[in-house]
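Residue-level structural notes
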Amino acid sequence: MSDWDEVDFAILRALQEEAGQSSATLARRLGLSQPAVWRRVKRLEEAGVIAGRALDLDIARLGFGVTVFLGVKLATKGRVSLDDFERAVSAIPEVQQVSHVLGLYDYRLRVVARDIADFERVLRRRIMTLPGVGNVEANVLLSEERRPGPLMAG
Amino acid sequence: MLDDTDRRILRHLQTDPAMAVADLAEAARIAPATCYKRLDRLREDGVLRATRAVIDWRALGFSVEVSLRITLDKTQSRAFDEVMAAAREIPEVVEIQTFLGRVDLRLSVLARDMAHYQEVYRDRILALPHITDIEALMQVATLKDVKTLPI
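Residues numbered from 1 in each chain as written. Chains lettered and ligands numbered in written order. Predicted model: local features only at pLDDT ≥ 70, side-chain atom pairs only at ≥ 80, totals over all residues.

1. Quick word on the overall build of chain A
The condition that has to hold: Helix and strand assignments follow DSSP, with helices taken as H or I runs no shorter than four residues and strands as E runs no shorter than two, numbered in order from the N terminus. Put simply, the radius of gyration uses C-alpha atoms, and a globule should come to 2.2 Å times the residue count raised to 0.38.
Helix and strand counts for chain A come out as 5 helices and 5 strands. Helices and strands appear in chain A in the N-to-C order α-α-α-β-β-α-β-β-α-β. By the compact-globule yardstick of 15 Å for 154 residues, chain A is too spread out, its C-alpha radius of gyration being 20 Å. When its C-alpha atoms are laid out on the principal axes, chain A stretches across 55 × 35 × 25 Å.

2. Digging into the overall build of chain B
We count it as follows: Buried means a residue has 20 or more other C-beta atoms within 10 Å of its own C-beta, exposed means 12 or fewer, and partly exposed covers the counts in between; C-beta atoms are placed from the backbone. Each residue gets a C-beta atom placed from its backbone, and two residues are in contact if those atoms lie within 7 Å.
Each helix and strand in chain B was counted, giving 5 helices and 5 strands. Along the chain direction, N to C, the helices and strands of chain B fall in the order α-α-α-β-β-α-β-β-α-β. Its C-alpha radius of gyration of 20 Å places chain B more than 25% over the 15 Å reference for a compact globule of 151 residues. Its C-alpha atoms put chain B at 55 × 35 × 25 Å along the principal axes. Residues classed as buried in chain B amount to 34% of the 151 residues present. Intrachain contacts of chain B at a sequence separation of at least 6 include 62% that bridge at least 24 residues.

3. Thoughts on the domain arrangement of chain A
For the record, the criterion: The domain limits used here are those given by an automatic or database domain assignment.
When its domains are assigned, chain A resolves into domain 1 (6-46) and domain 2 (66-140). Once you take the C-alpha centre of each, domain 1 of chain A and domain 2 of chain A turn out to be 38 Å apart.

4. Observations regarding the packing of helix 1 (residues 4-15) of chain B against helix 3 (residues 32-44) of chain B
Residue and element names in this part refer to chain B. Test applied: To obtain an axis, a line is fitted to C-alpha atoms, over the contacting stretch when the element is a helix, and the angle between two such axes runs from 0 to 180 degrees between their N-to-C directions. Small angles under 35 degrees read as roughly parallel and large ones over 145 as roughly antiparallel, with 65 to 115 read as roughly perpendicular and the rest as oblique. Residues are grouped as follows: Ala, Val, Leu, Ile, Met, Phe, Trp, Tyr, Cys and Pro are nonpolar; Asp, Glu, Lys and Arg are charged; every other residue, Gly included, is polar.
Orientation of helix 1 relative to helix 3, taken along the N-to-C sense of each, is 90 degrees, at an axis distance of 11 Å. Relative to helix 3, the element helix 1 is oriented roughly perpendicular. In contact with T5, D6 and I9 of helix 1, helix 3 contributes C35, R38, L39 and L42. Here the contact of helix 1 with helix 3 is composed, by residue class, of 4 nonpolar, 1 polar and 2 charged.

5. Side note on the domain arrangement of chain B
Under the domain assignment, chain B is made up of domain 1 (4-44) and domain 2 (64-138). The C-alpha-based centres of domain 1 of chain B and domain 2 of chain B are spaced at 39 Å.

6. Some details on the confidence of the model for chain B
What counts here: Known as pLDDT, the predictor's confidence for each residue is given on a scale from 0 to 100.
Considering every residue of chain B, the mean pLDDT works out to 94; 100% of them sit at 70 or more. Interface scoring of the predicted complex returns ipTM 0.89; its pTM is 0.89.

7. Structural notes on the interface of chain A and chain B
With 56 residues of chain A at the contact, the number on the chain B side is 53 residues. Put simply, the parts of the chain that give the side of chain A that touches chain B at least two residues each are helix 1 (6-17), strand 1 (50-57), helix 4 (82-90), strand 3 (95-102), strand 4 (107-113) and strand 5 (133-146) of chain A. The element contributing the most residues to the side of chain A that touches chain B is strand 5 of chain A, with 10 residues. Partitioned by chemical class, the residues of the side of chain A that touches chain B number 28 nonpolar, 14 polar and 14 charged.

8. What to know about the sheet that holds strand 2 (residues 66-74) of chain A
Quick reminder of the rule: We treat two strands as partners when DSSP finds at least two bridges between them.
Reading around the barrel, the 8 strands line up as 2(A)-4(A)-3(A)-5(B)-2(B)-4(B)-3(B)-5(A) and close back on themselves, with antiparallel pairing between neighbours. Within the sheet, the average angular offset between the axes of one strand and its neighbour, ignoring direction, is 35 degrees. The sheet contact formed by strand 5 of chain A and strand 3 (residues 93-100) of chain B spans 6 bridges and is antiparallel. Bridge pairing in strand 3 of chain B places A:L141 opposite B:F99. Here helix 4 of chain A sits on the sheet and contacts strand 2, strand 3 and strand 4 of chain A together with strand 5 (131-145) of chain B; the angle it forms with strand 3 of chain A, its principal contact strand, is near 155 degrees.

9. A short note on the packing of helix 1 of chain A against helix 2 (residues 23-30) of chain A
Residue and element names in this part refer to chain A. Definition in use: In this scheme the handedness of a crossing depends on how the near helix is turned from the far one: anticlockwise by less than a right angle means left-handed, clockwise means right-handed.
One way to put it is that helix 1 packs onto helix 2 with a least axis distance of 11 Å and a crossing angle of 120 degrees. The angle between the axes of helix 1 and helix 2 places the two elements in the oblique class. Taken as a pair, helix 1 and helix 2 cross one another with a handedness that is right-handed. Of the residues in helix 2, those touching helix 1 at A10, I11 and A14 are L26, R29 and L30. Class assignment of the residues belonging to the contact of helix 1 with helix 2 gives a composition of 5 nonpolar, no polar and 1 charged.

10. What about the confidence of the model for chain A?
Keep in mind that low pLDDT regions are not for reading the predicted coordinates in detail. For chain A, the mean per-residue pLDDT works out to 92, and 95% of the residues sit at or above 70. At the level of individual helices and strands, chain A shows its lowest average pLDDT in helix 4 of chain A, which scores 91, and its highest in strand 4 of chain A, which scores 96.

11. So, the pairing of strand 3 of chain B
Residue and element names in this part refer to chain B. Where strand 3 lies against strand 4 (residues 105-111), 5 bridges are found, and the strand directions are antiparallel. Counted as the bridge partner of I96 is L107 from strand 4. Between strand 3 and strand 4, which pair antiparallel one after the other, the connecting turn spans 4 residues, and G101 there sits at a positive phi close to 155 degrees.

Set out below in structure tokens:
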């Protein structure tokens, strides 16, 4: 069904934990030869499966105490183009993620703020003033865990 | 406490996590030895937890991503713990979040196609305990996903 096997998944799992590992370290951990690991990592990168690296930071320690997910429904579909909304919302630095979704809402946003007062400022001044914005639902993130997902060792 | 130098280091490093320490030191306008020391401390203090590979699930063959917003039966005191433990056993679940708001729990579910999604939904998701309501949002497109913070 797929071009990727269990060994690729094991490599991805290890790189999800720490992307800075050398192919020699990975090879030792996985019981493979270093050139074999290097070739597989290269193939995963070329296919775009490994899309880059990201820092995993304790964001509360950096002063971002609040993460809020917003469900946004557009009020004026058709009148204001989706492009206008998308461009404006993507330009807000506190908005970390913008997803176009199908269902109860049109967009799902991940917003970081220093505290609830700061979040209120972002919501009132930046989100509620976006072109075409209608109903907005906010849910404050309490905990989050990323799982290996389909990479889980079977 | 983090000072301006720490913030400068993280600001530059987050834009290119693969950056060599020498280049990072230059960008942050500090000596390489200082940069090493600061990075070590940020790691020891748990501010910088790891540098993780970003995986493109679509490229891996999982083209369906659905966000399941779940309301739990809160009269059951162990509802959160039990549903989360059960969700961890489902390999298609890549993210588990809990919330304060109308939604209690959100699961991000990946599937190869709609048929696979339906199978996961019926056999695994609907079997989760303590659920009173589920709303699904299907991911159409990701327009922005920055891995950087406005530090």
